[in-house]
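In case you want the letters, here they are:
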Amino acid sequence: RFLSTLQPSSPDSMGSDYSSTPVTRDTLNPKVLNCEYAVRGEIVTLAQKLQEEIKENPGSHPFDEILYCNIGNPQSLAQQPITFFREVLALCDHPAILDKSETQGLFSADAIERAFQILDQIPGRATGAYSHSQGIKGLRDTIASGIEARDGYPVDPNDLFLTDGASPAVHMMMQLLIRSENDGILCPIPQYPLYSASIALHGGTLVPYYLDEQTGWGLEISELEQQLKTAKSKGIDVRALVVINPGNPTGQVLGEANQREIVEFCKREGLVLLADEVYQENVYVPDKKFHSFKKVSRSMGYGEKDISLVSFQSVSKGFYGECGKRGGYMEVTGFSPEVREQIYKVASVNLCSNISGQILASLIMSPPKVGDESYVSFSAEKEGILSSLARRAKTLEDALNSLEGVTCNRAEGAMYLFPRINLPDKAIKAAEAAKTAPDAFYAKRLLNATGIVVVPGSGFRQVPGTWHFRCTILPQEEKIPAIVSRLTKFHEKFMSEFRG
Ligand SMILES: Cc1ncc(COP(=O)(O)O)c(CN[C@@H]2CONC2=O)c1O
């Protein structure tokens, strides 16, 4: 609203000496105070403090480095970027070298050709210019072709919104769907806390549905139906269902039949399906395969008029791990033109996403093909990273399952293990005395003893009375044995201290 439309509130507001409210924690937006994001929470802050102490005073702790297993940030742990992607980015950002003869010797021919192609799609051939608010049209055409090649169903480039990673796309959808705390969003528990944080920031209500740890984090339709019924009985207008597939923190990959049930459920209940598919390239087990919800819904004969579906993708995961480049998109389908206009308006307020991220999003969805000069080296890099991730997942999963009182479902996909720890009562009581959740108590003790940083399960929510932690599978392969031995030694010591 505008000040000019407001009437003076009271006689003494004319020139009185009232002052603005001082900015304190208590006078901040309560929606911000209600928001939490555990992936970079208290344990990480402590880890950064310890890191400073080790640097200033070597030998001050029983470890010589901090091993960050709290965040899915591969390149911070020495994973190398994909050569072809970086060649194209470099050439697009400095087109002056494209015509130089030396460039031919330094860059692959297909990277040079791709850079020319991309620059021709950018108005002014300048990666420093604002683009269309949904992203450069030519790049959206490329991404659309990539999705079509993946799924076998048509994609309209105008359904694509290129964003600075999947996070802002999720925030945008929450901003559009949540009118008040009476609006609910069905979210998996355990969940990636972007969702609980975004729902809190936008003043909505998180409606939980519990994944079943006993069945490998299965998503039961009966649980969805029960939670929807309960929410409605409390007057909550449930608007959307979030599915993270492959799952974070749980690592499960949904079966196609289960996905069909989920699509039916959303269609029947009139829910927007928010499909978070940022780990679509991260599947490690031979008996599971990634199917997009777009493909599943279209294979059921459901189109624009049958279901509202928003699919999220990111350049931060997969084998590329380009978290810092901030690239991604959402494919928005099944909304009326009037709704689409509002989505566009919200996107336009931020003008556009960064161009490097847009270029990267087009590269991950349309990488080198058979016959391209870079295809062999690209494929070798890709397979090298994915097969190493699969080995690390298995090694850590086996190590965790060998610990007393620990059970850990296999990481079928994504980048995490989410073991359950059955803590002795004495440990639970010690945590209560320390005024901290039992799994946070364990994670803090682990950090202080070994330098290993994990995120307590309470940061992802979990079945009440169960305790977990999330550990990434990202430390470089040669560091995994040290992590296993440090963790095992710590766990044995912890359990003997607190065993009944
Ligand atoms: C399921 C899921 N969706 C979206 C995002 C956001 O990705 P962008 O980088 O594209 O915004 C993440 C990031 N994963 C966080 C970051 O690292 N560890 C995590 O759990 C994620 O795990």
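As the structure is a computational prediction, the values presented were derived from the model and not from experiment.

Next up on the list: the pattern of salt bridges. Applying the stated criterion across every chain, the model contains 24 salt bridges. Arg-445 serves as the salt-bridge partner of Glu-497, at 2.5 Å between the closest nitrogen and oxygen. Note that Glu-497 is positioned in helix α17 (residues 480–498) and Arg-445 in helix α16 (residues 438–450), a separation of 52 residues in sequence. Each of Glu-225, Lys-232, Arg-268 and Glu-269 takes part in a single network of salt bridges with overlapping partners.

Moving on: the site of the ligand. Around the ligand, the surrounding shell holds 18 residues, and the nearest of these are Ala-166, Ser-167, Asp-276, Tyr-279 and Ser-314. Within the side chain of Asn-248, one N or O atom sits 2.7 Å away from an oxygen atom of the ligand. Arg-470 is positioned with one of its side-chain polar atoms (N or O) 2.7 Å from an oxygen atom of the ligand. For the ligand, whose accessible area on its own is 500 Å², the fraction buried by protein is 95%. In terms of residue class, the shell around the ligand is built from eight nonpolar, six polar and four charged.

In the contact formed by helix α3 (residues 83–93) and helix α13 (residues 355–365), the axes pass within 10 Å of each other and the chain directions differ by 145°. Judged by the twist between their axes, the crossing of α3 over α13 is right-handed. In this structure, α3 contributes Phe-84, Phe-85, Val-88, Leu-89, Cys-92 and Asp-93 to the contact, and α13 contributes Ser-356, Ile-359, Leu-360, Leu-363 and Ile-364. When grouped by side-chain class, the residues that make up the contact of α3 with α13 number nine nonpolar, one polar and one charged.

Below, the discussion takes up the sheet that holds strand β5 (residues 237–244). The seven strands are arranged β2-β8-β7-β6-β5-β3-β4 in an open sheet whose pairing can be described as mixed. If you trace the sheet from one side to the other, it starts and ends with β2 (160–163) and β4 (205–210), each paired once. Within this sheet the neighbouring strands show an average axis-to-axis angle of 20°, counted without direction. For strand β3 (residues 183–189) and β5, the ladder comprises four bridges, and the chain directions are parallel. Looking at the pairing, Gly-184 lines up with Val-238 of β5. Of the strands in this sheet, β3, β5 and β6 (272–276) touch helix α10 (residues 256–269), which is tilted by about 165° from β5.

In this section: the nonpolar core. Ranked by size, the top nonpolar core spans 153 residues in total, and within it Phe-85, Tyr-195, Leu-241, Leu-273, Leu-274, Phe-312 and Met-330 carry the most contacts. Look past the residues within four positions of Phe-85 in its chain and what remains in contact with it is Phe-319, Tyr-320, Leu-360, Leu-363, Ile-364, Pro-367 and Phe-378.

This paragraph deals with the confidence of the model for the chain. Mean pLDDT for the chain: 95, with 98% of residues reaching 70 or above. This complex was scored by the predictor with a pTM of 0.95 and an ipTM of 0.99.

This part takes up α3. Listed as buried for α3 are Phe-84, Phe-85, Glu-87, Val-88, Leu-89, Leu-91 and Cys-92. At its buried positions, α3 is contacted by α4 (101–106), α5 (109–121), α13 and α14 (375–401).

A few words on α13. The buried count for α13 comes to 10 of 11 residues, which makes it a mostly enclosed element. Along α13, the residues classified as buried are Ile-355, Gly-357, Gln-358, Ile-359, Leu-360, Ala-361, Ser-362, Leu-363, Ile-364 and Met-365. In this structure, the buried side of α13 is in contact with α3, α5, α6 (137–151), β2, β7 (309–314) and β8 (328–333). Of the residues that open α13, the one with a side-chain oxygen 3.3 Å from the backbone nitrogen of Ser-356 is Asn-354.

Turning to the packing of α14 against α17, a few remarks are in order. Relative to each other, α14 and α17 sit at 15°, their axes nearing to 10 Å. Comparing the axis directions of α14 and α17 gives the class roughly parallel. In this structure, α14 meets α17 at a crossing whose hand is right-handed. Contact with α14, carried on its side by Arg-392, Thr-395, Leu-396, Ala-399 and Leu-400, involves Ile-480, Ile-483, Val-484 and Leu-487 of α17 and no other residues of that element. Here the residues of the contact of α14 with α17 sort into seven nonpolar, one polar and one charged.

Analysis parameters
- Residues numbered from 1 in each chain as written.
- Predicted model: local features only at pLDDT ≥ 70, side-chain atom pairs only at ≥ 80, totals over all residues.
- Heavy atoms only, no water.
- Salt bridge = Lys/Arg side-chain N within 4 Å of Asp/Glu carboxyl O.
- Helix = DSSP H or I, 4+ residues; strand = E, 2+ residues; numbered from the N terminus.
- Near = heavy atom within 4 Å.
- Polar contact = N/O pair within 3.5 Å; in protein donor to acceptor, adjacent residues only side chain to side chain.
- Areas by Shrake-Rupley, 256 points an atom, 1.4 Å probe, with all protein chains shown as cover.
- Nonpolar A, V, L, I, M, F, W, Y, C, P; charged D, E, K, R; others polar.
- Axes fitted to C-alpha atoms, helices over the stretch in contact; angles between N-to-C directions.
- Left-handed = near helix turned anticlockwise from the far one by under 90°.
- Contact = heavy atoms within 4.5 Å.
- Pairing = 2+ DSSP bridges.
- Core = buried A, V, L, I, M, F, W, Y, C linked by side-chain atoms within 4.5 Å.
- Buried < 20%, exposed > 50% of the residue type's maximum accessible area, 1.4 Å probe, protein only.
- pLDDT = per-residue confidence, 0-100.
- Parallel < 35°, antiparallel > 145°, perpendicular 65-115°, else oblique.

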